[in-house]
Amino acid sequence: MAERIPFPQQVSTAPEVVERFGDLHPPFDRQAAVPEANRCLYCFDAPCTIACPTHIDVPRFIKKIASGNLAGSARTILDANILGASCSRACPVEVLCEGACVMHRYNKQPIQIARLQRFAMDALHASGAPLPFEPGVETGRSVALIGAGPASLACAAELRRRGVRAYLYDARPLPGGLNTYGIAEYKLPLVESLREIEMLSQLGVDFHFEETIDASRLAELEREHDAIFLGIGLGAIHQLGIAGEHLVGVTNALELIAGYKSSSMTKVPERVVVVGAGNTAIDAAIAAVRLGAAEVSIVYRRGLEQMSAFGFEYEHAKSEGVKFLWHVQPVGVRGSGAVEGLTLTKLVASEDGSIVPLDGSEFLLEADLVVLSIGQATHTEFLAKYADGTAKVQLERGRILIDRATGQTSHPKFFAGGDCTNGGREVVDAVADGKRAGIGIAAWLEGHHGQA
Amino acid sequence: MAKPKPTLESTFCGIECLNPFWLASAPPTNCGEQIMRAFDAGWGGAVWKTIGEPITNVSSRYSSIDWEGRRMMGFNNIELISDRPIEVNLREIAEVKRRYPKHVVIASLMVESKRETWHDIVQRAEDAGADGLELNFGCPHGMSERGMGSAVGQVPEYCEQITGWVKEKARTPVIVKLTPNISDIRIPARAAKRGGADALSAINTINSITGIDLDTFQPNPNVDGKSSHGGYCGPAVKPIALNMVQQIQADAASALPLSGIGGIGGWRDAAEFILLGCSNVQVCTAAMHYGYRIVEDMQAGLLNWMAEKGFSTIEEFRGLSLPNVREWKQLNLNYQIVARIHEDLCIGCQLCYTACWDGAHQCIHLDRTSVTPDTTRTPAMVEAESSRQISTTPIPKLDAGSLGRSSAVTPLERIPRVDEGHCVGCNLCSLVCPVENCITMERIDKDLPFESWEERVAKGLVPPGASEVMSTNS
């Protein structure tokens, strides 16, 4: 195989973007990290470790920071979570490890686990040391992994450590999926995602980029490989289905975020409206502020209590000047040629509990850019049906059904994990799914072919 | 009648002092200018940096042990006695005494082991106006190689003889400063007492190597790639000092007015030394770390504590803890306590659990949510169970249930249970527990009379093989 240009060198984020998207949580230096590490109580069967979907042994890696064994600390993290650096920055730790910290129970600040984890991982990257794992003895088995996002990457790492070949296919030119293209730059810079995947690739992973897998190609891969892992994530962001939606100046949150992270967009116009109130909507709204918008609003058809964004994300958005309009629904995009505004109607609760438009409440919210963030569709259509009409793998409302412990689908040769199975959660959830599936596939292959 | 307002004014071997807080003979008492600033800050007395024939010091001189982010938990030096001419030190003593007549200045002395030399320095120090003399028989580095310092303190005969020479001449109280670098502090203490010492001070620093640089393999403090054993002090040595203070005060042949030294950094430390019989305390490392200003809280804190306890003077509580230190064989074998975990305070860290399993007697269990008590579940089983759990990031809208469990409340399954029937009352769980008063040790013995090992042996209840010991404490 021809020498590949390292992933982090293949793309860059525009300097003006880098400057405006500085670290939300600045890194620790050693003098700050060690006392913080020493503050950790070293709980037994620690709640932080239980709360972490990948079960990183948090007290263990923290005590290694305290002892000055930084290489061992990074190894402890990576052993449980091959995207440990990305997760240290992207995880909503307030509802995970740090949220579970016992310090909350006696009015003390929880241990800053994420910053400590980043400290250990940054030290590993700065040292130039290789990934602290070797591939397993080759078994001669191979697995095709569809999608090269966090779930597939984690699955591939487990497979390689067990001597199973891993072939990853992704429609994009670079690996990482939403870990690379979809996390707010002030949390996880694009280049950091790629740096971590570059390290993972030392296990010997075959990447196939800009290749979209359709039903016939999938059938081929199924014949060529011993198992298939589906880490395909979710599809496009839903459309509103209203007039004017195709005007210039209507985009979606994932496009906006991927755009500024990969330099195809470095500024936004004056007035931006984001539709939806999930975590991605918040990321898009804050990005719009930092990309130069003077007025950024989030509009949501329900109230604060129903929004799916985490409370701390909402507070962050408010602190950056994002305005929230509750109980409003877009009914049309105004504009001739380009967007001029969004027509909204107020919603009220009806007698039967449903929410209905309030007659005559329509108003125009002027906007130069409308960003949709109302959830992603699934794209499992290519999992073609068999001739008898049954699905290749069993789905439920578009999600692939799996055995949570092994990632196995209803078709024994097919495994899956990440957003396509859970409907869209965090990077760390995808990593945990991929990890379980990697272990599950290797065990299944051994059991299945063991005697052969 | 209300108790009179407490006072810190006290007397040590006849020397009246404004308060019991003295600076020990060390870098903080190197010159008159320093000592006068220290007196302004509130120190009651100062023991001058040891005076003798001027020496040459090395660079560097200090090293320390940090502890979990806190600096200088233990401190080490290889600095020698004063490097200033004797007459300069004596001139400054006179100057300080003229300006601060109510403050105590003690001259710490160390000269070669000749009677005339000691007579001469005693005379000169007293002529300069020193309120007392402290004989440095403790310095463990450098000077000891030249037959001074701890080389004297380690040989009872020398200790007694030199004390005797000094007493022949001295008109002010003579304090002998003891080295801890011996097997039994009472031996040199008794020698000093036989020599006629008026008082003792203890402890001097402990022989130490504080650490090795893992890159260069050089010990610290580094003097051109080499180091030498130094004198260890600071908070780390306090328990050793307290033990030696108690040994001296509990031994009639040793007991004299005692100035406590060793890891004292605050009023609590001072109170402990006084409770074990010291009349005053000397401080060095803490003043080197934070400056003379620390004495303000030492004074205020001790006064507040005295008022709270109803003590008017230092003398009223001096030595109160001495009767409470006994030999092991005199302890009550029928005293029985067990650990109680207070659920409302427990944060669920389970440090007590793992400590009891690995470091004690396997009598704390995680079975609060089991149907029946389960003492067979090991720590490894607990961890294996947890690693099989599938955890996901909660989404507020979808996972109301999982977020509904507030992190402010400790789940019952994380609160350990003490098997009181097997608890031996060792204290370990209560020591590792990070929350004050969460684990208390509570008395469970009922109406059992006091019984010590000594008594059991006397009653013939102990087989001969278990009771005979070689006599070491005569």
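Cut-off values and rules
Residues numbered from 1 in each chain as written. Chains lettered and ligands numbered in written order. Predicted model: local features only at pLDDT ≥ 70, side-chain atom pairs only at ≥ 80, totals over all residues. Helix = DSSP H or I, 4+ residues; strand = E, 2+ residues; numbered from the N terminus. Rg over C-alpha atoms; globule rule 2.2 N^0.38 Å. Buried ≥ 20, exposed ≤ 12 C-beta atoms within 10 Å, placed from the backbone. Contact = placed C-beta atoms within 7 Å. Domains from an automatic or database assignment. Nonpolar A, V, L, I, M, F, W, Y, C, P; charged D, E, K, R; others polar. Core = buried A, V, L, I, M, F, W, Y, C linked by C-beta atoms within 7 Å. Pairing = 2+ DSSP bridges. Axes fitted to C-alpha atoms, helices over the stretch in contact; angles between N-to-C directions. Expected span 1.5 Å × (residues − 1). Arc of directions from axis to C-beta.

### Overview of the overall build of chain A
Part 1 of the argument: In terms of regular secondary structure, chain A is built from 17 helices and 16 strands.
Part 2 of the argument: For 452 residues, the compact-globule formula gives about 22 Å, and the C-alpha radius of gyration of chain A, at 23 Å, lands near that figure.
Part 3 of the argument: Of all 452 residues assigned to chain A, the portion counted as buried reaches 51%.
Part 4 of the argument: A separation threshold of at least 6 residues defines the contact pool for chain A, and within that pool the share at least 24 residues apart is 72%.

### Quick look at the overall build of chain B
Part 1 of the argument: Helix and strand counts for chain B stand at 17 helices and 18 strands.
Part 2 of the argument: Each of the three principal axes of chain B carries a C-alpha extent, and together these read 85 × 65 × 60 Å.
Part 3 of the argument: The 474 residues of chain B split such that 41% are buried.
Part 4 of the argument: Counting contacts in chain B only where the partners sit at least 6 residues apart, residues at least 24 apart contribute 74% of the total.

### Here's the deal with the domain arrangement of chain A
Residues and elements named next belong to chain A.
Part 1 of the argument: By domain assignment, chain A separates into domain 1 (25-127), domain 2 (142-235 + 377-449) and domain 3 (250-372).
Part 2 of the argument: Each of domain 2 and domain 3 was reduced to a C-alpha centroid, and the two centroids are 32 Å apart.
Part 3 of the argument: A per-class count over the side of domain 2 that touches domain 3 returns three nonpolar, one polar and one charged.

### So, the nonpolar core
Part 1 of the argument: Counting residues in hydrophobic clusters, the biggest one holds 160 residues, and the most contacted among them are Ile65(A), Phe229(A), Ala285(A) and Val370(A).
Part 2 of the argument: With nine residues, the top contributor of residues to this core is helix H17 (residues 427-449) of chain A.
Part 3 of the argument: Every residue in contact with Ala285(A), bar those within four places of it in the chain, is listed here: Val274(A), Val296(A), Ile298(A), Ala317(A) and Val322(A).
Part 4 of the argument: If you look at the next biggest cluster of nonpolar residues, it comprises 94 residues, including Trp22(B), Ile35(B), Ala125(B) and Leu242(B).

### Structural notes on the interface of chain B and chain A
Part 1 of the argument: The partner chain A presents 30 residues to the 28 residues of chain B that form the contact.
Part 2 of the argument: Breaking the side of chain B that touches chain A down by element, the ones donating at least two residues are helix H12 (351-359) and helix H13 (379-387) of chain B.
Part 3 of the argument: With five residues, the top contributor of residues to the side of chain B that touches chain A is H13(B).
Part 4 of the argument: Grouping the amino acids of the side of chain B that touches chain A by side-chain chemistry returns 13 nonpolar, twelve polar and three charged.

### A word on the domain arrangement of chain B
Part 1 of the argument: Structurally, chain B comprises domain 1 (10-324) and domain 2 (330-383 + 407-467).
Part 2 of the argument: In this structure, domain 1 of chain B and domain 2 of chain B have C-alpha centres spaced 41 Å apart.

### Considering unusual backbone geometry
Part 1 of the argument: Omega for the bond connecting Ala202(B) with Ile203(B) falls within 30 degrees of zero, at 10°, which places this linkage in the cis form.
Part 2 of the argument: As for its position among the elements, Ile203(B) is in the loop between strand E10 (199-202) and strand E11 (206-208).
Part 3 of the argument: Going from Asn220(B) to Pro221(B), the amide bond is cis rather than trans, its omega being 0°.
Part 4 of the argument: The topology assignment puts Pro221(B) in the loop between E11 and strand E12 (230-233).
Part 5 of the argument: The phi dihedral of Ser263(A) falls on the positive side, at around 75°, and the residue is not glycine.
Part 6 of the argument: In this structure, Ser263(A) sits in the loop between helix H13 (253-261) and strand E6 (271-275).
Part 7 of the argument: Residue classification places Ser263(A) among the partly exposed residues on the basis of 16 C-beta atoms within 10 Å.
Part 8 of the argument: Phi is positive for His327(A), close to 55°, though the residue is something other than glycine.
Part 9 of the argument: Structurally, His327(A) can be placed in the loop between strand E8 (323-325) and strand E9 (328-336).

### What about the sheet that holds strand E1 (residues 142-146) of chain A?
Residues and elements named next belong to chain A.
Part 1 of the argument: Spatially, E3-E2-E1-E4-E16 is the arrangement adopted by the five strands of the open sheet, whose pairing is parallel. Edge positions in the sheet fall to strand E3 (206-208) and strand E16 (414-416), since each of these pairs with one other strand and no more. Pairwise comparison of adjacent strand axes, ignoring direction, gives a mean angle of 20° for this sheet.
Part 2 of the argument: Sheet analysis places E1 next to strand E4 (residues 227-230), joined by four bridges and oriented parallel. Residue pairing in the sheet places valine 143 in a bridge with alanine 227 of E4.
Part 3 of the argument: Contacts between helix H9 (residues 150-161) and the sheet are confined to E1, strand E2 (165-169) and E4, with E2 contributing the most and set at about 165° to the helix.

### A short note on the environment of Glu98(A)
Residues and elements named next belong to chain A.
Part 1 of the argument: On the secondary structure map, glutamate 98 appears in helix H7 (residues 97-100).
Part 2 of the argument: Given 23 C-beta atoms within 10 Å, glutamate 98 falls into the buried group.
Part 3 of the argument: Spatially, the C-alpha atoms of glutamate 98 and alanine 215 are 43 Å apart, while their sequence positions differ by 117 residues.

### Brief notes about helix H10 (residues 295-309) of chain B
Residues and elements named next belong to chain B.
Part 1 of the argument: For H10, spanning 15 residues, the distance from its first C-alpha to its last is 21 Å, which sits close to the expected 21 Å at 1.5 Å a residue.
Part 2 of the argument: Burial in H10 covers these residues: Val295, Met298, Gln299, Leu302 and Met306. The buried residues of H10 all sit within an arc of 95° when viewed along its axis, so they share a single face. In H10, the exposed residues that point more than 90 degrees away from the buried face are Glu296 and Glu308.
Part 3 of the argument: In this structure, the buried residues of H10 make contact with strand E3 (21-23), helix H1 (32-41) and helix H8 (267-275).

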